[in-house]
Amino acid sequence: MTLYPALITEALATVRYPGSGKNIVELGMLEDDIRINGDSVSFTLLFEKATDPFKASLLKTAEAAIHLKAPGAKVTINTAVRREPAEAPAKAPVLPGVKNIVAISSGKGGVGKSTVAANLAVALAAEGYSVGLLDADIFGPSVPKMFGLENEQIYMHEVDGRNLIIPAMAYGVKVLSIGFLLDPDSAAVWRGAMASNALKQLIEQADWGELDYFLIDMPPGTSDIHLTLVQTLGLTGSVVVTTPQQVAIADARKGIAMFRDPKINVPVLGIVDNMAWFTPEKHPDEKYFLFGKEGAVDAFAASLKVPVLAHIPLVAAVGDHSDSGSPIVLEPTASAQAFVHLAHELTEAVARRNNDLPPTQKVNVH
Ligand code: ADP
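Residues numbered from 1 in each chain as written. Predicted model: local features only at pLDDT ≥ 70, side-chain atom pairs only at ≥ 80, totals over all residues. Heavy atoms only, no water.

1. A short note on the overall build of the protein
Counting secondary structure elements, the protein contains 10 helices and 13 strands. Expressed along its principal axes, the backbone C-alpha trace of the protein runs to roughly 75 × 40 × 35 Å. Here the protein, with 366 residues, has 50% of them falling under the buried criterion. Taking contacts inside the protein between residues at least 6 apart in sequence as the whole, the part at least 24 apart equals 75%. Carbon together with sulfur atoms contributes 53% to the accessible area of the protein, which is approximately 17300 Å² in total. (Helix = DSSP H or I, 4+ residues; strand = E, 2+ residues; numbered from the N terminus. Buried < 20%, exposed > 50% of the residue type's maximum accessible area, 1.4 Å probe, protein only. Contact = heavy atoms within 4.5 Å. Areas by Shrake-Rupley, 256 points an atom, 1.4 Å probe, with all protein chains shown as cover.)

2. Remarks on the environment of glycine 237
One can find glycine 237 in strand S11 (residues 237-242). Along the backbone, glycine 237 and phenylalanine 278 are 41 residues apart, and their C-alpha atoms lie at a distance of 29 Å. Beyond its immediate stretch of four places on either side in the chain, glycine 237 contacts Ile101, Val102, Ala103, Val266, Pro267 and Leu269.

3. Re the packing of aromatic side chains
Applying the stated criterion to the full structure yields 5 aromatic pairs. Relative to tyrosine 171, the ring of phenylalanine 147 has its centre 6.1 Å away and its plane inclined at 50°; by these criteria the two rings are tilted. Residue phenylalanine 147 is found in the loop between helix H4 (143-146) and strand S6 (156-159), and its partner tyrosine 171 is found in the loop between strand S8 (168-170) and strand S9 (173-177); the two are separated by 24 residues along the sequence. Using a relative accessible area of 3% as the deciding quantity, one classes phenylalanine 147 as buried. When the ring centre of phenylalanine 47 is taken as origin, the NZ or CZ atom of lysine 55, which lies over that ring, is 5.7 Å away. Positioned over the ring face of tryptophan 277 is lysine 287, at 4.1 Å from the centre of the ring. (Phe/Tyr/Trp six-rings, centres within 6.5 Å; stacked < 30°, edge-to-face > 60°. Lys NZ or Arg CZ within 6 Å of the ring centre and 35° of its normal.)

4. With respect to the nonpolar core
Phe43, Phe147 and Phe214 are the most contacted members of the largest nonpolar core, which has 120 residues in total. Here this core takes 9 residues from helix H3 (residues 113-126), the largest share from any one element. Both domains that furnish three or more residues to this core are identified here as domain 1 (5-81) and domain 2 (98-356). (Core = buried A, V, L, I, M, F, W, Y, C linked by side-chain atoms within 4.5 Å. Domains from an automatic or database assignment.)

5. Some points on the site of the ligand
Taken together, 16 residues form the shell around the ligand, and within it Gly110, Lys113, Ser114, Thr115 and Pro313 come nearest. Valine 111 places a main-chain nitrogen or oxygen 3.1 Å from an oxygen atom of the ligand. Measuring from an oxygen atom of the ligand, one finds a backbone N or O atom of glycine 112 at 3.0 Å. Taken together, the residues of the shell around the ligand sort by class into 8 nonpolar, 7 polar and 1 charged. (Near = heavy atom within 4 Å. Polar contact = N/O pair within 3.5 Å; in protein donor to acceptor, adjacent residues only side chain to side chain. Nonpolar A, V, L, I, M, F, W, Y, C, P; charged D, E, K, R; others polar.)

6. Some thoughts on unusual backbone geometry
Phi angles above zero are rare outside glycine, and tyrosine 171 is one such case at about 50°. We note that methionine 275 has phi near 55°; this positive angle belongs to a residue other than glycine. Inspection of the secondary structure puts methionine 275 in strand S12 (residues 268-278).

7. Focus: the sheet that holds strand S10 (residues 211-217)
With respect to topology, 8 strands assemble into an open sheet ordered S8-S9-S5-S10-S4-S11-S12-S13, the strand pairing being mixed. Edge positions in the sheet fall to S8 and strand S13 (308-314), since each has one partner strand and no second. Going from strand to strand, the sheet's axes swing by 25° on average, the running direction of each strand aside. As judged from the 5 bridges shared by strand S5 (residues 131-135) and S9, these two strands associate in the parallel manner. Residue pairing in the sheet places valine 131 in a bridge with valine 173 of S9. (Pairing = 2+ DSSP bridges. Axes fitted to C-alpha atoms, helices over the stretch in contact; angles between N-to-C directions.)

8. Things to note about the pattern of salt bridges
The final tally for this structure, using the stated rule, is 9 salt bridges. Measuring nitrogen to oxygen at the nearest pair gives 3.5 Å for the salt bridge that ties glutamate 10 to lysine 69. Highlighted residues: glutamate 10 in helix H1 (residues 5-12) and lysine 69 in helix H2 (residues 55-69), separated in sequence by 59 residues. When the shortest N-O distance is used, the salt bridge between lysine 99 and aspartate 212 registers 2.9 Å. In this pair, lysine 99 is assigned in strand S4 (residues 98-106) and aspartate 212 in strand S10, connecting sequence segments 113 residues apart. (Salt bridge = Lys/Arg side-chain N within 4 Å of Asp/Glu carboxyl O.)

9. A closer look at helix H7 (residues 246-260)
For H7, with 15 residues, the first-to-last C-alpha span of 21 Å sits near the 21 Å given by 1.5 Å per residue. Where H7 is buried, its residues meet S4, helix H6 (224-232), S11, S12 and helix H8 (296-303). (Expected span 1.5 Å × (residues − 1).)

10. Concerning the domain arrangement of the protein
Note: interface size is frequently given as the accessible area lost on complex formation between the parts. The domains assigned to the protein are domain 1 (5-81) and domain 2 (98-356). Computed from C-alpha atoms alone, the centre-to-centre distance between domain 1 and domain 2 is 35 Å. The interface of domain 1 with domain 2 comprises 12 residues on the first partner and 11 residues on the second. Across the interface of domain 1 and domain 2, roughly 940 Å² is buried in total on both sides, 55% from carbon and sulfur atoms. When residues of domain 1 are sorted by the area they lose upon contact with domain 2, Pro5, Ala6 and Glu10 head the list and together hold 46% of the total. (Buried area = accessible area lost by both parts, 1.4 Å probe.)

Here it is as structure tokens:
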């Protein structure tokens, strides 16, 4: 049995507060202090009043819920009375050692967002930057497969008295995936409900350490995960991946509108034109524009005054390498060059952004 914070949160989210129709996690009763030590776990539940009539029965139910998921776990539940927000201590900044945080997003699934995120991360690491990659795509976490980390176990260690998740390391990149925490067989709606908590844990309770670039592979479209992310971190910017197909471009436009919404206000660093053309393996100099017209993404980007950071060809080997867990960017091929070029363009776009704009603020939504 391996205990980890998301397992505890998941178990507690099955415990309803009588009469409210809501679970104790949704009600904000779980304090941010889950401590795990071997097979022991402790945490605090907040009650409105010291004399809460359901306190004793809720504590029993909570312990039973954890035992269902982790039989034999030693559970210590502390209780506290909710304090007024004004009294809450100021929180330390999230990820103080991380210089630049970039969300890799797309309007639509299947355009190659994860492929771009993985190869970009490896390309940056190969240039000597320290790089982290967080796979937040709850609908299809594919980063573990691309890095050959499918059977990865989560381990934790103590840093300054806090138990933190240790990112896996592959091709010089620190990697964590929401797929490591969510049960792949559970229903999508349940995963959606759990995902925001899991995402926050992977950011706030993981030992990312010092990073030059922290890339986050987002779910496609616009979702609760996007909102959680911008509430948890001030993003340096976003990169939007699209193919030249009109449907993909139309959805990319919506994604860019979300980041540019005044309430979100995350700079869009650039667009990646993936599967820009097809190049047959045996004829590397030939280009066939299968999806949409040549220049469709350039015209789209120009209309929004966003740079195109790279055009990446559709080449069978790109997909084959992802499937076999070794990113293509490490191979001496033309498509690898496209990802290396993307890495250079991104570092320049980030530098320009940091020169021109103040740090992005976290979004405060009540
Ligand atoms: P998304 O994250 O947008 O859902 P993926 O990165 O999972 O998309 O890519 C979808 C599929 O397309 C995968 O099978 C991937 O290997 C393949 N793919 C992505 N980009 C390319 C490319 N440039 N050339 C060939 N195959 C690609």
